[in-house]
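Descriptive structure summary
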Amino acid sequence: MSNFTVPDMSCGHCTAAIEKAIKAIDPSATVVCVHATKSVSVESNLSEPAVSEAIRSAGFNVSSLSET
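Residues numbered from 1 in each chain as written. Predicted model: local features only at pLDDT ≥ 70, side-chain atom pairs only at ≥ 80, totals over all residues. Heavy atoms only, no water.

This next bit is on the nonpolar core. Among the nonpolar cores identified, the biggest contains 16 residues, and Val6, Ile18, Ile22, Val40 and Ile55 are the most heavily contacted of them. Within the residue set of this core, elements represented by two or more residues are helix 1 (12–25), strand 2 (30–34), strand 3 (39–43) and helix 2 (48–57). Residue contacts for Val40: discarding those within four places in its chain leaves Ser2, Asn3, Phe4, Val6, Met9, Ile18, Ile22, Val31, Val32, Cys33 and Ile55. (Core = buried A, V, L, I, M, F, W, Y, C linked by side-chain atoms within 4.5 Å. Buried < 20%, exposed > 50% of the residue type's maximum accessible area, 1.4 Å probe, protein only. Helix = DSSP H or I, 4+ residues; strand = E, 2+ residues; numbered from the N terminus. Contact = heavy atoms within 4.5 Å.)

Here is the structure:
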């Protein structure tokens, strides 16, 4: 499981956009977004950089918790 911080995520619309972006490249991914803690957990065969890029493509800044 990969864990990310998304500081700009603030609402359900944000979480839906992030989940949609990740599932567009891995439909079987499990995505858990918690806007209260600005965290995203992803269970996927995708690499962390690929997931980060998907979140960025949805319009959000992102950092891997392993980067912080």
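For the rest of this paragraph, the subject is the pairing of strand 3. Bridge count for strand 1 (residues 2–5) against strand 3 is four bridges, and the pairing is antiparallel. Counterpart to Thr5 in the pairing with strand 3 is Ser39. Direction of pairing for strand 2 relative to strand 3: antiparallel, over a ladder of five bridges. Each residue of the ladder has a partner; that of Thr30, found in strand 3, is Glu43. (Pairing = 2+ DSSP bridges.)

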